[in-house]
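Next come the chains, spelled out residue by residue.
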Amino acid sequence: MLLYPGVTLLDLIGPQSVLAPSCNVHVVWKNTDLLETDSGIVMKATSTLEECPEDLDVLFVPGGEFSIMRDEGVLRFLADRGSRARYVTSVCGGSIVLGAAGLLQGYEATSHWSARDKLALFGATPVAARLVRDRNRITGGGVTAGIDFGLVLLAELLGEDVAKLSQLALEYDPAPPFDAGTPEQAGPEIMGKMQEWLGPMGDVLTPMCAAAAKDMGKYTPVVN
């Protein structure tokens, strides 16, 4: 599981909480110094990118600060590990980072609704769904989809009973108080306020993704 400055905390902690009791989880970054997540919580990696095993059952990337898609060292790490990993996965904007590493070409994938269309720039087919599986690529939608993703992945790795035990331990029985979790449910008024809150993010993200897509070929691995 990739950690980096500005990561969206729940993107990482949701699936990590599902998987950690049953799996050997490496939370990796360039170093093990303290770093700040997007919500101000401070955490650190359990090992460095160099220390991360070369052959992984699962490579996972959470969303967060999109500038990570321009980090050559990170993209080379993802392309290398992703070329051999049994599963290449993400939640939220993490799929954009996988795309920048050349790992989603020819695959269906999803992301946070605000960035999902950018996947096409990286040769992926965007799908509006909470979870998308295409061969050994498993991508989750925005933020809270990470728990669903973690349970599906855990069932794949260790069986449904283990996943059900994890779900029960977490008391994951979602019953949201409002029907506003997607743009369609939220409606135009709330979406208008959301666009105001997001501000110029979309204007910045599009050229950033376009530039990353042009460089994608530097990292594109020979994949399984």
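Shown above is the structure to which this text applies.
What counts and how
- Every chain begins its residue count from 1, and numbering advances along the sequence as written.
- Under the rules for a predicted model, residues below a pLDDT of 70 receive no local features and side-chain atom pairs below 80 are neither given nor counted, while totals for whole chains, interfaces and linings still include all residues.
- Each side-chain value is derived from all of the structure's non-hydrogen atoms; neither hydrogens nor water enter the calculation.
- Here the rule is simple: two strands pair whenever DSSP picks up at least two bridges between them.
- Elements are defined by DSSP. Helices are runs of H or I of four residues or more, strands are runs of E of two residues or more, and each kind is numbered from the N terminus.
- Lines fitted to C-alpha atoms define the axes here, with helix axes fitted over just the stretch in contact, and angles between the N-to-C directions of these axes take values from 0 to 180 degrees.
- Helix span, expected: 1.5 Å multiplied by one less than the number of residues in the helix.
- In this analysis the local bend is the angle between axes fitted, respectively, to the seven residues ending at and the seven residues starting at the residue.
- Only protein chains enter the area calculation, which uses a 1.4 Å probe; residues under 20% of their type maximum are buried, those over 50% are exposed, and those in between are partly exposed.
- Only heavy atoms matter for contacts: two residues are in contact if any of them lie within 4.5 Å across the pair.
- We call Phe, Tyr and Trp rings a pair once their centres come within 6.5 Å, taking the six-membered ring for Trp, and we label the pair stacked below 30 degrees between planes, edge-to-face above 60, and tilted otherwise.

Caption draft 1: Broad picture of the sheet that holds strand β5 (residues 58-61). One open sheet accounts for four strands, arranged β5-β6-β10-β9; its pairing is mixed. The two strands at the open ends of the sheet, each matched to only one other strand, are β5 and β9 (131-134). Each adjacent strand pair in this sheet contributes to an overall mean axis angle of 15°, direction not counted. Of the strand pairs in this sheet, β5 and strand β6 (residues 87-91) are connected by four bridges, and their pairing is parallel. Note on β6: the bridge partner recorded for Leu-59 is Val-88.

Caption draft 2: Focus on helix α6 (residues 183-198). Between its first and last C-alpha atoms α6 spans 14 Å; for 16 residues at 1.5 Å apiece the expected length is 22 Å, and the helix comes up short by more than 12%. The largest bend in α6 comes to about 80°, at Glu-189. Looking at α6, one finds that the buried residues are Ala-186, Gly-187 and Met-191. Just beyond α6, the residue with positive phi is Gly-199, at close to 65°.

Caption draft 3: Geometry of the side chain of Ser-47. With respect to the helices and strands, Ser-47 occurs in strand β4 (residues 47-48). Apart from residues lying up to four places away in sequence, Ser-47 is in contact with His-26, Val-27, Val-28, Trp-29 and Thr-32.

Caption draft 4: Fine view of the packing of aromatic side chains. For the structure shown, the criterion picks out one aromatic pair. Their ring planes at 25° and their centres at 5.3 Å tell us that Phe-60 and Phe-149 sit as a pair that is stacked. Taken together, the residues Phe-60 in strand β5 and Phe-149 in helix α4 (residues 145-158) connect sequence positions 89 residues apart. The class for Phe-60 is buried, based on a relative accessible area of 2%.

Caption draft 5: A look at the pairing of strand β10 (residues 137-140). Burial of β10 is two-sided: the residues Arg-137 and Thr-139 facing one way and the residues Ile-138 and Gly-140 facing the other way are all buried. By the bridge criterion, four bridges tie β6 to β10 in an arrangement that is parallel. Counterpart to Val-91 in the pairing with β10 is Gly-140. Here β9 runs beside β10; their pairing, made up of four bridges, is antiparallel. Bridged to Arg-133 within β10 is Ile-138. Counting the residues that bridge the hairpin from β9 to β10 gives two residues, and of these Arg-135 lies at a positive phi of roughly 55°.

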